[in-house]
Every structure is written in C-alpha cells, then in structure tokens.
Amino acid sequence: MKIGYARVSTQEQNMDLQLDALKDAGCEQVFTDKISGSKKKRPGLDELKHILRKGDKVIVWKLDRLGRSLPDLVNLVNFFDAKGAEFQSLQDRIDTSTPVGQFTFHIFAAVAQFERDIIQMRTIAGLKAARARGRFGGRPKGLSKSAENKALAAEVLYKEKKLSLPQICLQLGICKSTLYNYLRRRGVMVKGKKG
C-alpha cells in the first residue's frame, strides 16, 4: 500500500499542494501533521509508523516534510526499511525501491554519520583543550553572590514564620523548587518535605 505523509509547520499553513501530489502518486492513505518538524512527537507520523507493514511504500512531497535533520531523516528511512517498507520523495526524486534511490540514501546515511563523528571529535578536542587550561565542563559549583543573598533571605523569611512558602517565593521572585534548594543549602529542614 502507498502511504503518504504531509506536514506543515503551523496551523495557518496550507498543505493542499502536498495532498494533491500524494493523491496523484496513488497514496491510498495519507497522514498529516500541522506541527514544527523540530518537535519529537508528531501524531500523524507516529500513527503512520504504527500501521506500516512489509511491502508498504511511504511517500512524501519533499524530504524536509519528513525529517528535522539529515540524521533524523536517515533514522526514519532506516525504520521504514527495517519494517520492510520503501520510501519515496516526489520532489527530490528519491525512491528506495530502485538501485539509484538506495545508493542516494546510503550517501545521505554516510554524510549523517560523518557529521555526527565530526561533532563528536570537535567536542572531545574542545574538552581536552579546556582541561589543559585548567577548566572543566559542567555547572560551576555553589551559588552566585545574588543567589547566596536570596538563599539567606529565604532562610530568614522561613524562620520568621510570617509568610507561607508560596508567599516567600513571590517575595523573592523564585519558584518553589529553587526555594527548597536554597533552604537545603542553608541547612534548613522544611517541615513536611522529605529529603
């Protein structure tokens, strides 16, 4: 079965062009999403992946309608392949049911892997260079001077027992988890709060 997938980034955008092209390509079923391609959860795509069977062919109007990035696109097509399904992009003239289409996608996969390897090598080199200069990654230890002052104020307000925890948060402009963190750093046990 030919299964189409169409996506636009916002509710205001129109996907008629994609839908018409998928219908002309013979798609019996079409799944759609009106959501940014950067979102991990795409209900239409998730449903397509769920119903996909061996012998099916997933068709998109253009590659960027399917994948957020080259590695993401390669992962999706590999998923289709593992299910025994083929993939076709109409505008990009890629069809994994043909030897040329398969070859093209292998090149994409190699480029994606190369990109991941280069990023990893740069990250490792950057960390080594930073360590050589005595710097280490991660968040700095302790609180800033401003945060230390707020932690002290939080301790004083909490011990005065004139304000509730939400009122202290409002007074200091912090959220409840930050208040608990500040009090814990000051060695103050909050009643009714474990840990």
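Above this text is the structure in question.
This text gives an overview of the structure that appears in the document. Within each chain, residue numbers correspond to sequence positions counted from 1 in written order. Since the coordinates come from a predicted model, pLDDT governs what is reported: local features require at least 70, and pairs of side-chain atoms require 80 or more to be given and counted, while whole-chain, interface and lining totals use all residues. Excluded from the side-chain calculations are hydrogens and water; all other atoms, namely the structure's heavy atoms, are used.

## Quick look at the overall build of the protein
- Numbering of helices and strands starts at the N terminus; helices are DSSP runs of H or I of at least 4 residues and strands are runs of E of at least 2. Looking only at helices and strands, the protein features seven helices and five strands.
- Each helix (α) and strand (β) of the protein, taken in turn from the N terminus, gives the series β-α-β-α-β-α-β-β-α-α-α-α.
- In terms of its C-alpha atoms, the protein occupies a principal-axis envelope of roughly 75 × 45 × 30 Å.
- Accessibility here uses a 1.4 Å probe with only protein chains present; expressed as a share of the type maximum, an area under 20% marks a residue as buried, one over 50% as exposed, and anything in between as partly exposed. With 195 residues in all, the protein has 33% of them scored as buried.
- Residue contacts follow a heavy-atom distance rule, with two residues in contact if any of their heavy atoms lie within 4.5 Å. For the protein, the proportion of contacts with a sequence separation of at least 24, taken over those separated by at least 6, is 63%.
- For the protein, the accessible surface area stands at approximately 12800 Å², while carbon and sulfur atoms represent 54% of it.
- None of His or the chain ends enter the tally, which takes Lys and Arg as positive and Asp and Glu as negative. Taken as the charge centre is NZ of Lys, CZ of Arg, CG of Asp or CD of Glu, depending on the residue. In the protein, 37 positive and 20 negative side-chain charges are present, and the distance between their average locations comes to 16 Å. The method behind every accessible area is Shrake-Rupley, applied with a 1.4 Å probe, and residues are considered shielded solely by the protein chains displayed.

## Thoughts on the packing of helix α3 (residues 70-82) against helix α4 (residues 99-132)
- Interaxial angles span 0 to 180 degrees and are taken between N-to-C directions of axes, which are lines fitted to C-alpha atoms, for helices over the stretch in contact. Two elements in contact, α3 and α4, have axes separated by 9 Å at closest approach and are oriented at 130 degrees. By the criterion of interaxial angle, the relationship of α3 to α4 is oblique. Handedness of the crossing formed by α3 with α4: left-handed. Together, Leu70, Pro71, Leu73, Val74 and Val77 of α3 and Phe105, Phe108, Ala109, Val111, Ala112, Glu115 and Arg116 of α4 make up the contact between the two elements.
- Put simply, Ala, Val, Leu, Ile, Met, Phe, Trp, Tyr, Cys and Pro go in the nonpolar bin, Asp, Glu, Lys and Arg in the charged bin, and everything else, Gly too, in the polar bin. Of the residues contributing to the contact of α3 with α4, the split by class is ten nonpolar, no polar and two charged. Put simply, angles under 35 degrees are roughly parallel, angles over 145 are roughly antiparallel, angles from 65 to 115 are roughly perpendicular, and the rest are oblique. We call a crossing left-handed when the near helix sits turned anticlockwise from the far one by less than a right angle, and right-handed when that turn is clockwise.

## Things to note about the sheet that holds strand β4 (residues 86-89)
- If you walk across this open sheet you meet the five strands as β2-β1-β3-β4-β5, and the pairing is mixed. Only two strands of the sheet have a single neighbouring strand rather than two, namely β2 (29-34) and β5 (94-95).
- Sheet topology note: the strand β1 (residues 2-8)/β2 ladder contains six bridges and is parallel. Its bridge partner being in β2, Gly4 is matched across the sheet by Val30.
- The strands touched by helix α2 (residues 43-51) within the sheet are β1, β2 and β3 (57-60), with β2 carrying the most contacts at an inclination of about 150 degrees. In this analysis, strands are considered paired if DSSP registers two or more bridges between them.

## Things to note about the nonpolar core
- Nonpolar cores were defined as sets of buried Ala, Val, Leu, Ile, Met, Phe, Trp, Tyr and Cys residues, with membership established by side-chain atoms within 4.5 Å. In terms of nonpolar packing, the biggest core is built from 20 residues, with Tyr5, Leu48, Leu66, Phe80, Phe87 and Phe105 touching the most fellow members.
- Of all the secondary-structure elements, those providing two or more residues to this core are β1, α2, β3, α3 and α4.
- With residues near it in sequence (within four places) discarded, Leu48 still touches Ile3, Gly4, Tyr5, Phe31, Val58 and Phe80.
- Ranked by size, the runner-up nonpolar core spans 16 residues in total, among them Tyr158, Ile174, Tyr180 and Val188.

## Overview of the pairing of β1
- Counting buried residues in β1 gives six out of seven residues, a clear majority hidden from the surface.
- Where β1 and β3 come together, four bridges link them in parallel fashion. Bridge pairing in β3 places Gly4 opposite Ile59.
- Think of it like this: strands point away, you trace from the first strand over the helix to the second, and a clockwise trace means the crossover is right-handed. Crossover β1 to β2 through helix α1 (residues 16-24) is right-handed.

## Section: the pattern of salt bridges
- For salt bridges, the criterion is a side-chain nitrogen of Lys or Arg within 4 Å of an Asp or Glu carboxyl oxygen. This model, assessed by the stated rule, comprises five salt bridges.
- Salt-bridge contacts for Asp72 lead to Arg42; the nearest nitrogen and oxygen are separated by 3.6 Å. One end of the pair, Asp72, is in helix α3; the other, Arg42, is in the loop between β2 and α2, and 30 residues separate them in sequence.
- Put simply, Glu155 and Arg186 hold a salt bridge, and the shortest N to O gap is 2.7 Å. One end of the pair, Glu155, is in helix α5 (residues 145-160); the other, Arg186, is in the segment after α7 (176-185), with 31 residues separating them in the sequence.
- A cluster of three or more residues bridged by salt bridges with shared partners is formed by Glu155, Lys159 and Arg186.

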